[in-house]
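# Structural overview for review
Letter by letter, the chains look like this.
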Amino acid sequence: MNPDIRRGARAFTAPLDRLIAAIRGTATNVGGLLLLLVALVGLFSLLLPETFPRPTTLQAMMFQLPELGLLSLAMAIPLISGGINLAIVATANQAGLLMAWILTALMPPDVGGPALALWLAGALAAGLLLSIVIGLITGVLVAVMGVHPILVTLGTMTLINGFSIYFTRGRTLSGFPEPLILISNETILGAPISFILFVIIAIGIHVLLTRMPLGIRIHMIGSNLEATRYSGVDTRRVLVSVYLLSSLLCWVAAIVMMARFNSAGADIAQSYLLITILAAILGGVDPYGGFGRIVGLFVALCILQAISSGFNLLSLSPNLTLAFWGLILLAVMGIKRTTASWRARHRST
Amino acid sequence: MRSLAEAIFGRTETALAAFILLAAAVFSFASPYFLTLSNAADLVEAYSVTTILAAGVFVVLVSGGIDISFAATASAAQYLAAYVATSYGFPALPSIALACMLGIVLGSVNALLTYYLRVASIIVTIATSSIYYALLIYFTDGTEIYNLPDWWSDRIVFFRYATNSGDIVRITLPIVIMAVVALVTRFLMSRTRIGRQIYALGGNPEAASRIGINILGVQLFVYGYLGFLAGIAGFVQAHRVHQAVPTAMVGQELNVLAVAILGGATLSGGVGSMGGVVLGVLLLAMLQNGLNLLGVSSYFFGVVIGLAILVSTSMTGYAEKRMRRRHVLKAN
């Protein structure tokens with residue numbers, strides 16, 4: 001190719017290159033969060049030298065983290081795209097209920113061996129299919145009708161919960177086959193299978209968001225949907241992918257939750273919904289979209305889990321944990337605000 | 001020229017009214033018990049707490065913000081009033097005033113944090129909601145207060161009327177409070193200076209600030225007003241169920257938000273009317289009652305609300321989109 005043309009093309013794509021570099025760039029604002037995490041772990045280790053800095057505590061934390069973690073990932077992707085998905089817990093519960101129904105009501109109780117594997121695979125596939133349908137419907141409503149995602153997902157959340165409650169009459173289904181329970185009970189090299197699953201998925205989502213065209217486009221529509229559309233990106237397709245991905249993550253969360261609680265119901269884990277937003281924002285996801293990284297979210301989840309475990313070992317009420325989470329979020333926001341205005345003042349002088 | 005369909009569906013209020021008439025016609029045709037006066041009064045009373053809260057949320061939405069801490073605020077205010085009334089024998093007015101004052105204080109905290117941290121109000125109120133609620137449960141241990149004084153738990157009937165068929169229509173305290181709140185909110189939003197400032201702030205915050213509107217002042221008013229109404233709603237809720245339960249209203253946040261949005265308030269702010277909110281509540285109440293009378297399981301109601309929200313928001317969203325496109329075409 002003619003070098004002049006190539007140079008011209010490069011000049012034309014330079015802003016995009018810069019954007020992609022910024023999205024891929026090393027996490028700059030995760031440093032502060034890591035510092036906070038280290039400070040908290042140090043504080044709890046000082047207060048609880050006998051119980052906190054122990055492998056068992058770490059393992060307990062790894063058992064508890066995955067379900068909130070997976071749901072937070074399901075929330076973070078729509079947030080980065082400038083939207084939100086309020087239906088994540090509802091989706092996870094409904095997928096869980098469908099799988100639980102197949103495994104408890106349809107499957108004969110004394111199945112074993114290959115037949116059991118087949119039943120399990122069938123149940124998982126049914127849950128997967130349901131979450132795909134929910135994700136597609138949500139995505140199409142957001143993309144085509146041009147309605148704000150808060151409203152769409154408020155509607156789908158109410159609708160999905162409505163169906164779950166209608167079909168179960170508020171009951172829970174429990175008693176699942178052994179192999180499923182293992183996900184949240186068995187450990188490999190000291191780490192629970194559910195935690196390993198979560199880490200692998202988190203890395204996958206990180207790669208998707210930072211290294212793949214879809215991820216870059218998700219960031220772009222989060223910054224400016226119209227500009228992205230005018231630059232030739234099929235924004236509707238991206239939006240549908242966002243809610244499809246979110247819904248798929250809910251399906252994985254549903255499997256982990258089934259394994260951990262050994263039950264499925266319409267009301268399980270409803271309090272997680274707002275906590276996932278809290279975790280994502282704490283992790284540096286911009287509530288207005290366009291920015292946020294999975295590394296930050298992961299550190300934020302570790303911070304929340306460290307507080308929860310530390311308070312638990314100090315025999316403080318779980319309610320105080322929730323209050324402290326809220327305070328931490330406000331404090332981090334306040335620090336960000338003051339450093340931003342401090343920087344702005346020093347740049348101008 | 002606007003087509004007839006656009007004239008009807010362009011405004012949320014007219015669309016809601018049309019749906020209400022349609023639902024009323026279908027249900028009264030299907031069940032003779034529907035649309036009796038006593039039935040209507042019961043319906044309205046059942047939705048009184050939701051309407052009072054929705055009025056406050058509506059004001060916040062018009063200003064361009066969102067608040068989801070009001071359920072925690074209402075619970076805290078209710079508990080505080082119940083506590084001073086039972087443990088210290090506070091009479092009616094001081095107890096209610098204390099509840100409303102706590103509501104205003106907690107609401108103002110939201111306003112201050114939103115203003116000074118420059119963070120989306122939904123984030124601030126998620127955080128404060130966690131804090132308010134967690135502290136409430138921590139300090140109360142989640143225990144209920146059953147022995148409310150008589151002035152609080154006795155049913156107050158302002159107006160009683162026996163119809164020819166023997167049904168009794170009661171206009172009770174919750175209905176009256178709800179009506180007063182709706183009227184005051186309507187007056188406030190459409191006839192006062194602060195109301196117009198709230199619309200201006202929601203429509204375009206930058207412009208509102210340039211023409212000299214005190215943004216912090218308006219935000220303090222808006223969130224304080226929701227807190228005040230949360231205090232009243234907490235009082236009415238305890239009046240209806242004869243006890244103060246710290247967890248009674250938690251989980252209602254998104255339902256109330258849904259009602260305000262069904263009534264035509266948008267998340268971008270600057271739009272909406274109190275009449276629309278009342279119509280939205282009316283539609284939900286009628287759907288719930290009509291389906292009950294038709295023998296549809298009450299478990300099915302969540303599905304109906306979900307559909308109602310999706311249909312109404314899709315309709316307004318689609319109408320807005322078409323209107324925008326037309327503006328673009330005209331400009332060219």
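Keep in mind it's a predicted model, so treat the numbers as computed, not measured.

## Some points on the overall build of chain A
Scanning chain A from N- to C-terminus turns up 14 helices and 4 strands. In terms of overall dimensions, chain A is globule-like: its C-alpha atoms have a radius of gyration of 22 Å, near the 20 Å expected for 349 residues. Counting only C-alpha atoms, chain A reaches 70 × 50 × 40 Å along its principal axes. In chain A, which comprises 349 residues, the proportion classed as buried is 44%.

## Considerations on the packing of helix α8 (residues 193-211) of chain A against helix α9 (residues 213-223) of chain A
Residue and element names in this part refer to chain A. Axis separation between α8 and α9 bottoms out at 5 Å; the angle between their running directions is 70°. Accordingly, the angle class assigned to the pair α8 and α9 is roughly perpendicular. The segment α8 lies against α9, with L208, L209, T210 and R211 engaging L214, G215 and I218. For the contact of α8 with α9, the residue count by class is 4 nonpolar, 2 polar and 1 charged.

## Focus on the nonpolar core
Ranked by internal contacts, the top residues of the largest apolar core, which has 205 residues, are A253 and L278 of chain A together with L53, V57, F58, L229 and A260 of chain B. Broken down by element, this core gets its largest block of residues, 19 residues, from helix α11 (residues 235-261) of chain A. What L53 of chain B contacts, discounting residues up to four positions off in sequence, is F70, A74, L229, A230, A233 and V256 of chain B.

## Comments concerning the interface of chain A and chain B
Accessible area lost when the parts come together is the quantity often used to give the size of an interface. With 39 residues of chain A in contact, the opposing surface of chain B contributes 37 residues. Those elements that provide at least two residues to the side of chain A that touches chain B are α5 (113-145), α6 (149-168), α12 (272-282) and α14 (318-348) of chain A. Residue classes in the side of chain A that touches chain B are distributed as 26 nonpolar, 11 polar and 2 charged.

## A look at the environment of L291 of chain B
Residue and element names in this part refer to chain B. In this structure, L291 sits in helix α14 (residues 274-293). With 18 C-beta atoms packed within 10 Å, L291 lands in the partly exposed category. L291 sits 41 residues away from V250 along the chain, and the two C-alpha atoms are 26 Å apart. Once you skip the residues sitting within four places of it in the chain, L291 turns out to touch V296, F300, F301 and V304.

## Let's talk about unusual backbone geometry
Unusually for a residue other than glycine, L189 of chain A sits at a positive phi of about 55°. Looking at where L189 of chain A falls in the secondary structure, it is placed in the loop between β2 (187-188) and β3 (191-192). We note that D141 of chain B has phi near 55°; this positive angle belongs to a residue other than glycine. Mapped onto the fold, D141 of chain B is located in the loop between α7 (121-140) and α8 (150-153).

## Focus on the pairing of strand β1 (residues 157-162) of chain B
Residues and elements named next belong to chain B. Sparse coverage of β1 is indicated by the burial of 0 of its 6 residues. Pairing of β1 with strand β2 (residues 168-172) involves 5 bridges; the strand directions are antiparallel. Among the inter-strand pairings, R160 is bridged to a residue of β2, identified as R170.

## A word on helix α4 (residues 48-62) of chain B
Residue and element names in this part refer to chain B. Counted at 1.5 Å a residue, the expected span for α4 with its 15 residues is 21 Å, and the 21 Å between its end C-alpha atoms agrees. Counting buried positions over the 15 residues of α4 gives 15, a clear majority of the element. Following α4 by one or two positions, G64 adopts a phi angle in the positive range, close to 95°.

## Some thoughts on helix α4 (residues 88-106) of chain A
In this model α4 of chain A runs 26 Å from its N-terminal to its C-terminal C-alpha over 19 residues, within 8% of the 27 Å that 1.5 Å per residue would give. Burial of α4 of chain A is extensive: 14 of the 19 residues sit out of reach of the surface.

## Brief notes about the packing of α4 of chain B against α14 of chain B
Residue and element names in this part refer to chain B. Between α4 and α14, the shortest axis-to-axis distance is 10 Å and the interhelical angle comes to 145°. The handedness of the crossing between α4 and α14 is right-handed. Across the interface between the two elements, T50, T51, A54, A55 and F58 from α4 touch M274, V277, V278 and V281 from α14. Residues that form the contact of α4 with α14 fall into these classes: 7 nonpolar, 2 polar and no charged.

## Considerations on the environment of I137 of chain A
Residue and element names in this part refer to chain A. By secondary structure assignment, the location of I137 is in helix α5. Classification of I137 as partly exposed rests on a count of 18 C-beta atoms within 10 Å. In this structure the C-alpha to C-alpha distance between I137 and V295, which are 158 residues apart in sequence, comes to 29 Å.

## Examining the confidence of the model for chain B
Confidence in the prediction for chain B averages 85 pLDDT; 93% of positions are at 70 or higher. Helix α1 (residues 4-9) of chain B is the least confidently modelled element of chain B, averaging 51 in pLDDT, while helix α12 (residues 215-241) of chain B averages 95, the highest of any element.

## Some thoughts on the environment of T51 of chain B
Residue and element names in this part refer to chain B. Tracing the sequence through the fold places T51 in helix α4. With 31 C-beta atoms packed within 10 Å, T51 lands in the buried category. C-alpha of T51 to C-alpha of V181: the two residues are 130 residues apart in sequence and 8.8 Å apart in space. Once you skip the residues sitting within four places of it in the chain, T51 turns out to touch M178, A182, V278 and V281.

Rules and cut-offs
Residues numbered from 1 in each chain as written. Chains lettered and ligands numbered in written order. Predicted model: local features only at pLDDT ≥ 70, side-chain atom pairs only at ≥ 80, totals over all residues. Helix = DSSP H or I, 4+ residues; strand = E, 2+ residues; numbered from the N terminus. Rg over C-alpha atoms; globule rule 2.2 N^0.38 Å. Buried ≥ 20, exposed ≤ 12 C-beta atoms within 10 Å, placed from the backbone. Axes fitted to C-alpha atoms, helices over the stretch in contact; angles between N-to-C directions. Parallel < 35°, antiparallel > 145°, perpendicular 65-115°, else oblique. Contact = placed C-beta atoms within 7 Å. Nonpolar A, V, L, I, M, F, W, Y, C, P; charged D, E, K, R; others polar. Core = buried A, V, L, I, M, F, W, Y, C linked by C-beta atoms within 7 Å. Pairing = 2+ DSSP bridges. Expected span 1.5 Å × (residues − 1). Left-handed = near helix turned anticlockwise from the far one by under 90°. pLDDT = per-residue confidence, 0-100.

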